Amino acid sequence: MVDNNLLEESDVLKFSNGTYRPWYFSPSVSTASAQGVITEIPELGDAKGRSFGFMGSNSGIAYSNVDWSDVSNQPVPSGWRIPTKDEMMSIFPGTPFAGNFTFRRGENNSTPSAWGPRDDVNAAPIDKSVKAIRFTVPYYCKDDKNHYLVFDTDNDPETGKTFKDSGKYAYYKDAIDFFIKIDDPGVTRKVNGKDIYETSEDPRALVPDDRTRNLDYDPVGDPAPGYVSVYVISRDEENGDLYTLQGANVSTNSYKCLEWGVIYGIKKYRTSEAYRMRWRVIQSGVSSGGVPIFYIEVSRYSCKSTDKLTLDNYKSYSWNVPDAQLTFPIQGYIQPTSSFGLNNYGTETMYTTSTKVTNTTNMIWALRVKVTGNDYGSQFFSVVMNSKLYGYQLRMVRDY
C-alpha cells in the first residue's frame, strides 16, 4: 500500500472538485474483506482497531488527474516509480489466454473483467484429460488456413486508428510470418478432434481467434512490438504442476476454482534476447475466517536463441534454480463504484502500470490476477486494459 502522506501531497487521484483522498485508515470504516491487511502502521503508531477503506463520492473522478506517465506526478517516494506496461509485460503473460492457469475455456480480451463464463454449466474447465496446453502471443495456430485474422482495416482499440494506420498490422504480420517460417506448432486448439475452447451453449463465443473481441485486442508483440512469446500451461500432476485449494471454507460456495496449474514461457522467443519464465500461484495459508491467501512466484531463467518450448519438451528444462525470482502478493483491490472497500483479499488483485491507453481517458494498462472466487469469471493473470478508477496495488521499481 502507499503511505497516506504521499497521497495527500499528490495532485493525482482527486475528485474533479479537488477534495478527493483515496486511501485512508479510520476506526469507523467497515470493510468486509480487509482481514489481515495492516494492523500496525509506523506513521500512525498503534493502528489496531482501524480498517482499510476507500472514500467514495457521487461527484465523480477527474480522469485527467489519474495520469502517471510523468514520474513527478506519481504517488511514490523519491527514487522510485511505477513500472510501465512494457516492463510489466516483460515478466507476465501478454493475454488472459496466455495467463489461463486455471484452464478456463476463456472469453474475450476486450473486457477482461468478464473473461470466462461464470455459470456452473459453461464454466467447466478444459477437459481434465488435457494435461497441458500451448499458447502464443501474438496468436498463431498452425491449423488455421487464414493466418492473418487481424485485418489492416480493423480498428485498433488502443489508438482509435486502423491497424494499418497505427503501424501495428506490420508488426502482427511479421510475427505470423515468423511463426510460419520456423514451422511453429502454435496454440493448442483441438484435442482428439474437439476444440478445447468450445462450449455446448455457444460453440464460437469463447475462442481466442474471434476478431472483434479477442484478436483486435491481442498485443502485436510480447513483451513489446517486434517480439513473440510462447507459453505452456501445465497441470500435469506427475510433473508437480497441479495445485489444489487447501484448508479454505468451501462450504459457502465462495471458492469455485479448486485446482490450477503452472505456466512456463519463453519471452522474446528465438532471439538473442530470449529468456525463460515460470509462474506458480502458491497458497501461503488461510486466514482465521477461512479465506485462502495466495501469491505469485515469478521466476526467470537464461535461454538460448535456439531454445524451443513445446508440449513435448517443456519438462526437459531445469526449472529448479532461477537466475532471478520475484513474488507478488495477492492482496485485493478497491472497488470504486459500489462497496468502496478492499475486495477479495488473498484471492484477487490488480497492480497498476504507469501506461495509459492512448485512445481513451478512463483506461490504463494493469496486471490483473484472480485465483478463485464465488464465480468462474476473470480467473487468469495478465497485463490488460483496465479502468483507472480501481484502487490498485503498487509494485514500484527504482528510478535511476
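Refer to the preceding data block for the structure.
Draft legend 1. Molecular detail of the overall build of the protein. Each helix and strand in the protein was counted, giving four helices and 21 strands. Counting across all 400 residues of the protein, residues that qualify as buried make up 54%. A separation threshold of at least 6 residues defines the contact pool for the protein, and within that pool the share at least 24 residues apart is 66%. As displayed, the protein has an accessible area near 17600 Å², and 46% of this comes from carbon and sulfur atoms.

Draft legend 2. Examining the sheet that holds strand 20 (residues 381–387) more closely. An order of 18-19-20 is seen for the three strands of this open sheet, with the pairing classed as antiparallel. The open sheet is flanked by strand 18 (348–356) and strand 20, the only strands paired with a single partner. On average, each strand axis in the sheet is tilted by 35° relative to the strand beside it, whichever way the strands run. Two strands pair when backbone bridges link them, and strand 19 (residues 363–370) and strand 20 are joined in this way by seven bridges, in the antiparallel orientation. Its bridge partner lying in strand 20, Trp365 is registered against Met385.

Draft legend 3. Quick look at the environment of Glu273. Structurally, Glu273 can be placed in the loop between strand 12 (262–267) and strand 13 (275–286). Glu273 sits 46 residues away from Tyr227 along the chain, and the two C-alpha atoms are 9.8 Å apart. Not counting residues within four places of it along the chain, the set of residues in contact with Glu273 comprises Tyr227 and Lys268. Engagement of the side chain of Glu273 in a polar contact is seen with the side chain of Tyr227, the distance being 2.7 Å.

Draft legend 4. A look at the side chain of Arg235. Among the secondary structure elements, Arg235 is positioned in the loop between strand 9 (229–234) and strand 10 (243–244). Glu259 is the oppositely charged side chain nearest to the buried, salt-bridge-free Arg235, at an N-O distance of 5.7 Å. Within the structure, Arg235 has its side chain in polar contact with the backbone oxygen of Asp127 (distance 2.7 Å). Other than its neighbours up to four places away in sequence, Arg235 contacts Phe103, Pro125, Ile126, Asp127, Lys128, Val130, Lys131, Asp241, Leu242 and Gly261.

Draft legend 5. View of the nonpolar core. In this structure, Phe92, Trp279, Ile296, Leu309 and Phe381 are the most contacted members of the largest nonpolar core, which totals 79 residues. The contact partners of Phe381, leaving out residues within four places of it in the chain, are Phe92, Pro93, Gly99, Phe101, Ile263, Trp279, Val281, Ile296, Arg368 and Val369.

Draft legend 6. Fine view of helix 4 (residues 168–181). Its 14 residues give helix 4 an end-to-end C-alpha distance of 20 Å, which sits within 8% of 20 Å, the value for a rise of 1.5 Å per residue. Three or more residues of helix 4 are buried, namely Lys168, Tyr169, Tyr172, Ala175, Ile176 and Phe179. Angularly, the buried residues of helix 4 cover 125° about the axis, an arc narrow enough to put them on a single face. Among the exposed residues of helix 4, those pointing more than 90 degrees away from its buried face are Asp174 and Lys181. Buried residues in helix 4 make contact with strand 6 (132–137), helix 3 (163–166) and strand 9. The first or second residue beyond helix 4 is Asp183, which carries a positive phi of 55°.

Draft legend 7. Structural view of the side chain of Gln393. Here Gln393 shows up in the loop between strand 20 and strand 21 (397–398). There is a polar contact of 3.3 Å between the side chain of Gln393 and the backbone oxygen of Gly332.

Draft legend 8. Region of the structure containing the pairing of strand 9. Among the six residues in strand 9, six count as buried, and that is most of the element. Residues Ser229, Tyr231 and Ile233 point to one face of strand 9 and Val230, Val232 and Ser234 to the other, with burial holding for every one of them. Direction of pairing for strand 6 relative to strand 9: antiparallel, over a ladder of six bridges. Within strand 9, the residue paired with Arg134 across the bridge is Val232. Two strands pair when backbone bridges link them, and strand 9 and strand 12 are joined in this way by five bridges, in the antiparallel orientation. Each bridged residue has a counterpart across the sheet, and for Tyr231 the counterpart in strand 12 is Gly265.

Rules used throughout
- Residues numbered from 1 in each chain as written.
- Predicted model: local features only at pLDDT ≥ 70, side-chain atom pairs only at ≥ 80, totals over all residues.
- Heavy atoms only, no water.
- Helix = DSSP H or I, 4+ residues; strand = E, 2+ residues; numbered from the N terminus.
- Buried < 20%, exposed > 50% of the residue type's maximum accessible area, 1.4 Å probe, protein only.
- Contact = heavy atoms within 4.5 Å.
- Areas by Shrake-Rupley, 256 points an atom, 1.4 Å probe, with all protein chains shown as cover.
- Pairing = 2+ DSSP bridges.
- Axes fitted to C-alpha atoms, helices over the stretch in contact; angles between N-to-C directions.
- Polar contact = N/O pair within 3.5 Å; in protein donor to acceptor, adjacent residues only side chain to side chain.
- Lys, Arg positive; Asp, Glu negative; His and termini not counted.
- Salt bridge = Lys/Arg side-chain N within 4 Å of Asp/Glu carboxyl O.
- Core = buried A, V, L, I, M, F, W, Y, C linked by side-chain atoms within 4.5 Å.
- Expected span 1.5 Å × (residues − 1).
- Arc of directions from axis to C-beta.

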